[in-house]
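Residue-level listing of the chains:
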There are 2 protein chains.
Amino acid sequence: MYEQLRLDNQLCFRIYTASRMLTQAYRPLLEPLGLTYPQYLVMMVLWEKDNQLVGDICQRLRLDTNTLTPMLQRMEKEGLVIRTRGIADGRQTLVSLTRKGHRLEEQAKEVPSCLTRGMQDTGVCTEDLLRLATTLDTLMGIMETTKEGQH
Amino acid sequence: MYEQLRLDNQLCFRIYTASRMLTQAYRPLLEPLGLTYPQYLVMMVLWEKDNQLVGDICQRLRLDTNTLTPMLQRMEKEGLVIRTRGIADGRQTLVSLTRKGHRLEEQAKEVPSCLTRGMQDTGVCTEDLLRLATTLDTLMGIMETTKEGQH
DNA sequence: TATATTTGCATCGTGTACGATATAATTCAA
DNA sequence: TTGAATTATATCGTACACGATGCAAATATA
């Protein structure tokens, strides 16, 4: 029995599980909006700035086109976005919000607080969560650079 | 523009991205073993204790049978585990390591240190990572209880 | 003890993730 | 300027995740 292979010693398993649990926590809040969690992320990117290229969204969410293209196609079918071929550069695809997609922001703005409310008075202080965010940013920065080192 | 909908303010997005990046970091280490990251988790559970029920593994990894059953079937086809119907209780399925599955532990024991080595001298101290783990545990504990409150 | 309920697992359908490959538009180079 | 590399997306195949449903074995109940 190797100590380093114990599940409880795996930071990665914690992050993996926390990620799934958070997505599940979002589900009941996003279902009324007709969004999955990854789609909600795309919408946040577009609410921040409309009319973005597929590549822009890829960069922002750190997802590749092989994940985003089908997702955007589903969102287009749902009437949330429109995909138009680039005029200047014919290879590009521009993603824009529809009126429906824009309106959804009003409903979505309640989602974050709904999720946070459930965590009030439960022992996690804001300070802990800020530190969590900072450490994750550091960790991701490292993984970003070590990944590049492999090329 | 609602401040609470800014992507950079989303703790969940950080955890979601960190989880994907970590899985990607594991990939080149696990590929020689013929394992995906979720399969590696199953193997860790079985290396800790052989001959476990599907339900035991589900509980440990917080995954449902609709995820694990197909995964275990693939692993059985790869010759890593054997699934046998429970004798005492005919509904149960017992998952056991094959000789090949056992042997894999010897190779796998190098994986965690390989991953950690790349992070040496990069600014994240062990203390930060321990705090990260603690906060995540607290967070998951909260989500566990608030989820139950919905029933 | 016959039937209703529960339990443990499997199956199905949809939506991500992601490596690999394809394709068309653009740019580079000879 | 024409063919070769590059770039921006798209498509394909495989493997998760997970809600919903199915099913047989076990248990509870009348």
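Structure: see above.
Residues numbered from 1 in each chain as written. Chains lettered and ligands numbered in written order. Predicted model: local features only at pLDDT ≥ 70, side-chain atom pairs only at ≥ 80, totals over all residues. Heavy atoms only, no water.

Trainee: Just checking my understanding: could you explain the relation of the copies chain A and chain B for this structure?
Mentor: The two chain copies are connected by a rotation around an axis plus a translation along it. Superposing chain A onto chain B takes a rotation of 180° combined with a translation of 0.0 Å along the rotation axis, leaving an RMSD of 0.0 Å. Expressed as a symmetry operation, the mapping of one chain copy onto the other fits a two-fold axis. Closest to the rotation axis within chain A is the C-alpha of A:Leu132, separated from it by 2.9 Å. Both copies present the same face, since 98% of the interface residues in chain A are matched by interface residues at the equivalent positions in chain B. (Least-squares fit on C-alpha atoms with pLDDT ≥ 70 in both. Contact = heavy atoms within 4.5 Å.)

Trainee: For this particular structure, what's the right way to read the sheet that holds strand β2 (residues 81-85) of chain A?
Mentor: In any sheet, the strands associate via hydrogen bonds between backbone groups, in a parallel or an antiparallel arrangement. Residues and elements named next belong to chain A. Across the sheet, three strands lie side by side as β1-β3-β2; this open sheet has antiparallel pairing. Of all strands in the sheet, those with a lone pairing partner are β1 (52-53) and β2, marking the two edges. Sheet contacts for helix α2 (residues 37-48): β1, β2 and β3 (93-97); angle to β3, the most-contacted strand, approximately 85°. (Pairing = 2+ DSSP bridges. Helix = DSSP H or I, 4+ residues; strand = E, 2+ residues; numbered from the N terminus. Axes fitted to C-alpha atoms, helices over the stretch in contact; angles between N-to-C directions.)

Trainee: Help me out: how do you make sense of the interface of chain A and chain B in this one?
Mentor: Much of the literature gives interface size as the accessible area that the parts lose upon coming together. Taken together, the contact pairs 61 residues of chain A with 61 residues of chain B. When chain A packs against chain B, close to 6,200 Å² is buried across both sides, 73% of that on carbon and sulfur atoms. When the buried area of chain A at its contact with chain B is split by residue, A:Leu5, A:Leu7 and A:Met21 rank highest and sum to 11% of it. Along the contact surface separating chain A from chain B lie four salt bridges. At the boundary of chain A and chain B, one finds 18 residue pairs in polar contact (both at pLDDT 80 or more). Those elements that place two or more of their residues in the side of chain A that touches chain B are α1 (11-30), α2, α3 (54-61), α5 (99-108) and α7 (126-149) of chain A. The residue makeup of the side of chain A that touches chain B, split by class, is 36 nonpolar, 10 polar and 15 charged. (Buried area = accessible area lost by both parts, 1.4 Å probe. Salt bridge = Lys/Arg side-chain N within 4 Å of Asp/Glu carboxyl O. Polar contact = N/O pair within 3.5 Å; in protein donor to acceptor, adjacent residues only side chain to side chain. Nonpolar A, V, L, I, M, F, W, Y, C, P; charged D, E, K, R; others polar.)

Trainee: I keep staring at the packing of aromatic side chains and nothing clicks. Help me out?
Mentor: Two aromatic rings are characterised by how far apart their centres lie and by the angle between their planes. Tallied over the entire structure, the rule returns 10 aromatic pairs over all chains. Plain terms: the ring middles of A:Phe13 and A:Tyr16 are 6.4 Å apart, the flat faces sit at 35° to each other, and that makes the pair tilted. Here the residue A:Phe13 and the residue A:Tyr16 both occupy positions in helix α1, the gap between them amounting to three residues, near one helical turn. In terms of burial, A:Phe13 and A:Tyr16 fall into one category: buried. A network of ring pairs unites the aromatic residues A:Phe13, A:Tyr16, B:Tyr26, B:Tyr37 and B:Tyr40 as a single cluster. (Phe/Tyr/Trp six-rings, centres within 6.5 Å; stacked < 30°, edge-to-face > 60°. Buried < 20%, exposed > 50% of the residue type's maximum accessible area, 1.4 Å probe, protein only.)

Trainee: Can you help me understand the protein's contact with DNA strand C in this one?
Mentor: Surveying the vicinity of DNA strand C reveals 27 residues, the closest of which are A:Gln39, A:Asn66, B:Tyr16, B:Arg20 and B:Thr69. Taking all atoms of DNA strand C within 4 Å of the protein, the share assigned to sugar and phosphate is 72%. B:Tyr16 places a side-chain nitrogen or oxygen 2.5 Å from a phosphate oxygen of DNA strand C. Contacts to DNA strand C include B:Gln73, whose side-chain N or O atom sits 2.9 Å from a phosphate oxygen. Breaking the surface near DNA strand C down by element, the ones donating at least two residues are α2 and α4 (65-77) of chain A together with α1 (11-30), α3 (54-61) and α4 (65-77) of chain B. (Near = heavy atom within 4 Å.)

No statement about biological role is implied by the geometric values presented.
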